[in-house]
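Here is how the chains run, residue by residue.
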Amino acid sequence: SLVCLRGLAEVHLAQGKMDKAVAVLNQAVAQSSQDLNLRLKLAQALESMEGQLEAALSNYRAARDLMKSKKMASAQGVDVNDKIKTLETRLFEMK
């Protein structure tokens, strides 16, 4: 269930097991693609992992699109537009 996936993801995040957390969060997002909190947790976990900036950027963009469709101004203290700009810059500099 979605509640179980959320709980398991939180445990993996707390233990610093980002690869396992991302796998669980991907399952949760697949079940509830309109859940902004899950999408942000996934983006943040991916951002902290080596080699996952493009995936993180994709999820921040999806979060931004969700926010627009739901007419939300902010997302639990995360400046999604700033995150997108920062990751785009980092990815550009890596090329």
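With respect to the pattern of salt bridges
Next, step 1: Tallied over the entire structure, the rule returns five salt bridges.
Next, step 2: Among the salt bridges present, the one from Lys 41 reaches Glu 10, with a minimum N-O distance of 2.8 Å. Of this pair, Lys 41 sits in helix α3 (residues 36-47) while Glu 10 sits in helix α1 (residues 2-14), and the two are 31 residues apart along the sequence.
Next, step 3: The exposure class of Lys 41 is partly exposed, given its relative accessible area of 30%.
Next, step 4: Between Glu 47 and Lys 83 there is a salt bridge; the shortest N-O distance is 3.2 Å. A residue pair is termed long-range when its members are at least 10 positions apart, and Glu 47 in helix α3 and Lys 83 in helix α5 (residues 80-94) qualify at 36 residues.
Next, step 5: Given a relative accessible area of 26%, Lys 83 falls into the partly exposed group.

Digging into α3
Turn by turn, an α-helix covers 3.6 residues, leaving residues three or four places apart pointing in a common direction.
Next, step 1: In a regular helix each residue adds 1.5 Å, so twelve residues correspond to 16 Å; α3 covers 16 Å between its end C-alpha atoms and thus fits that length.
Next, step 2: Counting buried positions along α3 yields nine of twelve residues, so the element is predominantly enclosed.
Next, step 3: Listed in full, the buried residues belonging to α3 are Leu 36, Leu 38, Arg 39, Leu 40, Leu 42, Ala 43, Ala 45, Leu 46 and Glu 47.
Next, step 4: Of the surrounding secondary structure, the elements contacted by the buried residues of α3 are α1, α2 (18-31), α4 (53-69) and α5.
Next, step 5: At the N-terminal boundary of α3, the capping side chain belongs to Asp 35, with an oxygen 3.0 Å from the backbone nitrogen of Asn 37.

What counts, and where the lines are drawn
Residues numbered from 1 in each chain as written. Predicted model: local features only at pLDDT ≥ 70, side-chain atom pairs only at ≥ 80, totals over all residues. Heavy atoms only, no water. Salt bridge = Lys/Arg side-chain N within 4 Å of Asp/Glu carboxyl O. Helix = DSSP H or I, 4+ residues; strand = E, 2+ residues; numbered from the N terminus. Buried < 20%, exposed > 50% of the residue type's maximum accessible area, 1.4 Å probe, protein only. Expected span 1.5 Å × (residues − 1). Contact = heavy atoms within 4.5 Å. Polar contact = N/O pair within 3.5 Å; in protein donor to acceptor, adjacent residues only side chain to side chain.

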